[in-house]
Amino acid sequence: MKRNAGILADRAIGELFHEGRLKSEAALDADQIQPASLDLRLGSKALRVRASFMPGPNHTVADKLERLTLHEIDLEQGAVLETGCVYIVPLMESLDMPADLSASTNPKSSTGRLDIFTRVMVDRAQEFDKIPAGYAGQLYLEISPRTFPVIVRRGSRLSQIRFRTGQALLSETEVLALHEAETLVASETPNVSGGGIALSIDLKGTGPDGLIGYRGKHHTSVIDVDRKAAHDVLDFWEPLYSRGRDELILDPDEFYILVSREAVHVPPLYAAEMTPYDPLVGEFRVHYAGFFDPGFGHAAVGGSGSRAVLEVRSHEVPFILEHGQIVGRLVYEHMLEKPQSLYGSGLGSNYQAQGLKLSKHFKA
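A brief structural summary. (Residues numbered from 1 in each chain as written. Predicted model: local features only at pLDDT ≥ 70, side-chain atom pairs only at ≥ 80, totals over all residues. Heavy atoms only, no water.)

Description of the overall build of the protein
Consideration 1: Secondary structure summary: the protein contains five helices and 26 strands in total.
Consideration 2: With respect to the three principal axes, the spread of C-alpha positions in the protein is 55 × 50 × 40 Å.
Consideration 3: For the protein, the residues scored as buried account for 55% of the 364 residues in total.
Consideration 4: Here the contacts in the protein between residues at least 6 apart in sequence split such that 81% fall between residues at least 24 apart.
Consideration 5: Approximately 15400 Å² of the protein is accessible, and the part contributed by carbon and sulfur atoms is 46%. (Helix = DSSP H or I, 4+ residues; strand = E, 2+ residues; numbered from the N terminus. Buried < 20%, exposed > 50% of the residue type's maximum accessible area, 1.4 Å probe, protein only. Contact = heavy atoms within 4.5 Å. Areas by Shrake-Rupley, 256 points an atom, 1.4 Å probe, with all protein chains shown as cover.)

Here is the structure:
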């Protein structure tokens, strides 16, 4: 059954290209269209800028780049993006959307797990990562590596876009009903508020050593974002182990990879997104990469027991996380129709049935 309001599935995303609503400098990669999103590809140049900026209602991104660009970097053969710097990259994809279609963007999971801060901008925007209905024009990606320098090139995929029509978000009542029918998170007492269902942190540890997570190292070598299983974990990460207290002190501005206590399930007719927990309960940010595709954690496509990997950074002050503490919420949206391919069903999905797991770039 096809709904009147919801997230566009893979078939409809493909139709956007055929209709000229989505355009690209080159043919799509075979795996670029995901069940409920499209991966966005870097163009041929990166512009190092003095600082991040917002175009605002009276300016295009190009207007601001004329004043703020420090130098241009050719990405055709690959280039290193340094930590602490801000880059703007025109993307290969552009839009000419109808008046009833809007979109939002998010870093890909692997991007978030490398602590690469990214967000999409469009002309005359007043918000990052939001593309208003009817937008026609170029897409730009702001990139700022936070922990590791990275190698990127034309065609690298760091961000993804979701298209929606109408009001797709489930209400709290609908989330509770869906949880009772489908078990969205493996929790005996689900906490639903703020429109989402809560996820908490697992600090008990896994394996014989009680591994609870990883902390990013400083002054490392570079990571090639397009190479899988190419880097040694210990060259970039310090493993963290349980010491029997089921807590972890987050040091300010350090980057951590942790995992949710609950397994997560996204049924085939729904898409989910991770939202940071209310900052009033703790000065930390969780999960840069927020999209969960239909089929994530779905038993029928091998996802039973899939956890949410959490990218965590504390700000300003040290903060103590305790086992079971709520750190984020999943909001669910209706799909317009069931995707032709679900997450994990022969798509080469990297994180189906995952527990605590680093990005695909590291050797097992």
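The rest of the description comes next.
Some points on helix α2 (residues 61–68)
The periodicity of an α-helix, 3.6 residues per turn, causes residues three or four positions apart to be oriented the same way.
Consideration 1: Looking at α2, one finds that the buried residues are Val-61, Lys-64, Leu-65 and Leu-68. All buried residues of α2 project into a common sector of 105° when viewed along the axis, lining one side. Summarising the geometry of α2, the exposed residues directed more than 90 degrees from the buried face are Glu-66 and Arg-67.
Consideration 2: Turning to α2, the residues buried within the fold contact β4 (45–49), β5 (69–74), β7 (86–96), β9 (116–121) and β11 (136–145). (Arc of directions from axis to C-beta.)

Some details on the packing of aromatic side chains
Consideration 1: Counted according to the given criterion, the structure contains seven aromatic pairs.
Consideration 2: For the ring pair Phe-292 and Phe-296, a centre distance of 5.0 Å and an interplane angle of 85° mean the geometry is edge-to-face.
Consideration 3: Given a relative accessible area of 4%, Phe-292 falls into the buried group.
Consideration 4: Taken together through their ring pairs, the aromatic side chains of Phe-148, Tyr-214, Phe-236, Trp-237, Phe-255 and Phe-362 make up a single cluster.
Consideration 5: Stacked on the ring of Phe-128, the Lys or Arg Arg-119 has its end atom at 3.7 Å from the ring centre. (Phe/Tyr/Trp six-rings, centres within 6.5 Å; stacked < 30°, edge-to-face > 60°. Lys NZ or Arg CZ within 6 Å of the ring centre and 35° of its normal.)

Observations concerning the nonpolar core
Note on soluble globular proteins: their nonpolar side chains tend to be buried together.
Consideration 1: Grouped together as the largest cluster of nonpolar side chains are 51 residues, with contacts concentrated most on Leu-42, Leu-95, Ile-131, Leu-139, Phe-163 and Trp-237.
Consideration 2: Excluding residues within four positions of it along the chain, Phe-163 makes contact with Gly-6, Ile-7, Leu-8, Ile-13, Leu-16, Leu-22, Leu-95, Met-97, Leu-101, Ser-102 and Ala-103.
Consideration 3: Residues Leu-199, Tyr-256, Ala-308 and Tyr-343 belong to the second largest nonpolar core, which totals 33 residues. (Core = buried A, V, L, I, M, F, W, Y, C linked by side-chain atoms within 4.5 Å.)

A look at the pairing of β7
Consideration 1: Judged by how many residues are buried, β7 sits mostly within the fold: ten of eleven residues are covered.
Consideration 2: Pairing between strand β2 (residues 22–24) and β7: three bridges, direction antiparallel. Paired with Leu-22 across the two strands is Leu-95, which belongs to β7.
Consideration 3: As judged from the three bridges shared by β4 and β7, these two strands associate in the antiparallel manner. Counted as the bridge partner of Arg-48 is Tyr-87 from β7.
Consideration 4: As defined by bridge partners, β7 adjoins β11 across seven bridges and the pair is classed as antiparallel. Its bridge partner being in β11, Ser-94 is matched across the sheet by Gln-138. (Pairing = 2+ DSSP bridges.)

Remarks on the pattern of salt bridges
Consideration 1: Using the criterion set out here, one finds 23 salt bridges in the structure.
Consideration 2: A salt bridge links Arg-157 to Asp-31; its shortest N-O distance comes to 3.0 Å. Within this pair, whereas Arg-157 is found in strand β13 (residues 157–165), its partner Asp-31 is found in the loop between β2 and β3 (38–41), the two being separated by 126 residues in sequence.
Consideration 3: When its relative accessible area of 40% is taken as the criterion, Asp-31 is described as partly exposed.
Consideration 4: A salt bridge links Asp-246 to Lys-204; the nearest nitrogen and oxygen atoms lie 2.8 Å apart. Of this pair, Asp-246 sits in the loop between β18 (237–241) and β19 (247–250) while Lys-204 sits in the loop between β15 (196–200) and β16 (211–216), and the two are 42 residues apart along the sequence.
Consideration 5: Here the residues in one salt-bridge network are Asp-29, Asp-31, Asp-39, Arg-41, Glu-93, Lys-108 and Arg-157, joined through shared partners. (Salt bridge = Lys/Arg side-chain N within 4 Å of Asp/Glu carboxyl O.)

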